[in-house]
Amino acid sequence: MNAPTEHHHLAPQLQLREVPAALIEALQQRFGAQCSTALVVREQHGRDESIFSVPPPSAVVFAQSTLDVADAVKLAASHKIPVIPFGVGSSLEGHLLAVQGGISIDVSRMDQVLSVNAEDLTVTVQPGITRSAVNNAVKSEGLFFPIDPGADASIGGMTATRASGTNAVRYGTMRENVLALEVVTAQGNLIRTGTRAKKSSAGYDLTRLMVGSEGTLGVITEVTLKLYPLPEAISAATCSFPTIEAAVRTVIQVIQLGVPIARCELIDANTVRMVNAHSKLGLREEHMLLMEFHGSPASVKEQAETVQEIAAEFGGQAFQWATTPEERTRLWTARHNAYFAAIQSKPGCRAISTDTCVPISRLADCLLDSVAEADASGIPYFLVGHVGDGNFHFGYLIDPAKPEEHRISEALNQTLVARALKLGGTCTGEHGVGLHKMDFLRTEAGDGAVDMMRTIKRALDPDNILNPGKIFAL
């Protein structure tokens, strides 16, 4: 995990609310050993993978049930003290930081599969379960849950941030794959949104409202997800390209021709070198597409041949196949470890990660200009992207002892987001807004839309206790 930095000029505005001793005593009386005020525990729950450093929460409650969550929220609400949900701490934009103080509610012990309805292709789980644990639980039914953000994140956190990842080009994001929720409100009440039915026209779509709300409208305590049959055949392939433009043009053509590719990841030559060193691979150290195809043996073969022909038109070469589960796992594990490979490539560095998404037709315009700017800056970086749906990430590797590098990387990020918005894209494809992108959200959505969000927030959480200071300021 990134260690906190102390660049105060980039720190969020703190409005700490004093947590009264009476609340701590009430929490300890209700939860006993499940409530901790130990500094090391509070610090663990007071940082994520973001650039920010703020004081930790005053206490951590380890919830083991929906009743635990509801009681913790009720006690905090009685003192108008913030509560911040915590899953595994893998968020990237400061989502779980206690910028207004308060208590952290850790749901990682709520990690059970509550029901599997194989006939309906659904599963209901508690929020602390991780995506890999869900897949281990349903694979015996011949099913899987496809959303894969890279980190082995909790389902509750993935829902709260509307996560996506490598499979989104074919299977969508959490927005499309969450059917129903159980949520504890700011008053400590329990509501249910949605059903296991595939569609509904009944009232406001509260499920979609909660998905992506980043803990600011409720604490998620149960999630019902869509499942998919395990593909009959799966094949992964890598293909190298002489330029990033050639790789991107290949992707655009693949998507526009309607090839139902399951995964399509861009890894630039810098990152390939880092991944080779970290994961002991022998990949060609050129710009690369890492792809995966799902379906019947015949359809997988047809998809792969079509993509190989398109790639060849743009100079793609060295198509290599990984058809066994072990080979595929090795490739995708290396891709998911690109962040850690980059950190290892420059000991002592910090990685400042970006996240933008543009319409697929504008991907080349956005990406190539951003690469040119990053090269000119002199800041080392890595570049990976879920380019099949127009989403990509730069990671700028900075020396935390050199504020100038931090300033340059933030300027690169701001220029990148402005470019994406100008091209009809978004400031965040999957990381969420959190603290880091609050100004970008206002630029993207406009003051009127953000004011509407504030109105919803005030109506549902009048005392502003649910993860305050995130997404927008009140």
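Everything that follows concerns the structure shown earlier in this document.
First, a word on what this report is: a plain description of the structure on this page. Owing to the predicted nature of the structure, the values given are computational and were not obtained by experimental measurement.

Attention now goes to the overall build of the protein. On a plain count of helices and strands, the protein comes out with 17 helices and 19 strands. Here the C-alpha radius of gyration of the protein, 22 Å, is about what a compact globule of 474 residues would show, namely 23 Å. Taking the principal axes of its C-alpha atoms as reference, the protein extends roughly 70 × 55 × 45 Å. Expressed as a percentage of its 474 residues, the buried residues of the protein come to 56%. Partitioning the contacts of the protein with sequence separation of at least 6, the portion at a separation of at least 24 is 73%.

Here we have five strands laid out as an open sheet, ordered 5-6-10-8-9, and antiparallel in their pairing. Pairing within the sheet leaves two strands with one partner each, and these edge strands are strand 5 (113–117) and strand 9 (190–194). Averaged over neighbouring strand pairs, the angle between their axes works out to 10° when direction is ignored. Two strands pair when backbone bridges link them, and strand 8 (residues 178–184) and strand 10 (residues 219–226) are joined in this way by six bridges, in the antiparallel orientation. Looking at strand 10, one finds that alanine 180 is bridged to threonine 224. Contacts from helix 3 (residues 66–78) reach strand 8, strand 9 and strand 10, with the element oriented near 50° to strand 8.

A word on the packing of helix 16 (residues 438–445) against helix 17 (residues 447–460). At a minimum axis separation of 6 Å, helix 16 and helix 17 run at an interaxial angle of 120°. Considering the angle they form, helix 16 stands oblique to helix 17. From helix 16, Leu441, Arg442 and Ala445 reach across to helix 17, where they touch Asp447, Ala449, Val450 and Met453. Looking at the contact of helix 16 with helix 17, its residues break down into five nonpolar, no polar and two charged.

In this section: the nonpolar core. Formed by 60 residues in total, the largest nonpolar core has its most connected members in Leu266, Met291, Leu367, Leu383 and Phe394. The biggest single contributor to this core is helix 9 (residues 244–256), with seven residues. When sequence neighbours within four positions are dropped, the list of residues in contact with leucine 383 reads Ile244, Leu266, Ile267, Asp268, Thr271, Leu367, Val371, Phe392, His393 and Phe394. Counting residues in each nonpolar core, the second largest holds 25 residues, with Leu23, Ala63, Val73 and Ile465 among its members.

Remark: the centre distance and the inter-plane angle together describe each pair of aromatic rings, the angle taken between the planes. With the rule as written, the count across this model stands at ten aromatic pairs. Measuring from ring centre to ring centre gives 6.1 Å for phenylalanine 392 and phenylalanine 394, while their planes differ by 80°; the resulting arrangement is edge-to-face. We note that phenylalanine 392, like phenylalanine 394, is buried. Note on phenylalanine 394 and tyrosine 396: the rings are 5.8 Å apart at their centroids and 10° apart in plane angle, and the pair reads as stacked. Each member of the pair, phenylalanine 394 together with tyrosine 396, is buried. Members of the aromatic cluster, joined through ring pairs, are Tyr381, Phe392, Phe394 and Tyr396. Between the NZ or CZ atom of arginine 30 and the centre of the ring of phenylalanine 31, over which it lies, the distance is 4.4 Å. For arginine 263, the ring lying beneath its charged end belongs to tryptophan 332, and the centroid distance is 4.3 Å.

Turning our eyes to something else, we now look at the pattern of salt bridges. Going through the model one piece at a time under the given rule, you end up with 22 salt bridges. Between glutamate 222 and arginine 192 there is a salt bridge, and its shortest N-O distance comes to 3.0 Å. Of this pair, glutamate 222 sits in strand 10 while arginine 192 sits in strand 9, and the two are 30 residues apart along the sequence. A relative accessible area of 57% means that arginine 192 is categorised as exposed. Across the pair arginine 335 and glutamate 265 runs a salt bridge whose closest N-O atoms are separated by 2.8 Å. In this pair, arginine 335 is assigned in helix 12 (residues 325–336) and glutamate 265 in strand 13 (residues 263–267), connecting sequence segments 70 residues apart.

What counts and what doesn't
Residues numbered from 1 in each chain as written. Predicted model: local features only at pLDDT ≥ 70, side-chain atom pairs only at ≥ 80, totals over all residues. Heavy atoms only, no water. Helix = DSSP H or I, 4+ residues; strand = E, 2+ residues; numbered from the N terminus. Rg over C-alpha atoms; globule rule 2.2 N^0.38 Å. Buried < 20%, exposed > 50% of the residue type's maximum accessible area, 1.4 Å probe, protein only. Contact = heavy atoms within 4.5 Å. Pairing = 2+ DSSP bridges. Axes fitted to C-alpha atoms, helices over the stretch in contact; angles between N-to-C directions. Parallel < 35°, antiparallel > 145°, perpendicular 65-115°, else oblique. Nonpolar A, V, L, I, M, F, W, Y, C, P; charged D, E, K, R; others polar. Core = buried A, V, L, I, M, F, W, Y, C linked by side-chain atoms within 4.5 Å. Phe/Tyr/Trp six-rings, centres within 6.5 Å; stacked < 30°, edge-to-face > 60°. Lys NZ or Arg CZ within 6 Å of the ring centre and 35° of its normal. Salt bridge = Lys/Arg side-chain N within 4 Å of Asp/Glu carboxyl O.

Fair warning: the whole summary comes from geometry, so function is off the table for now.
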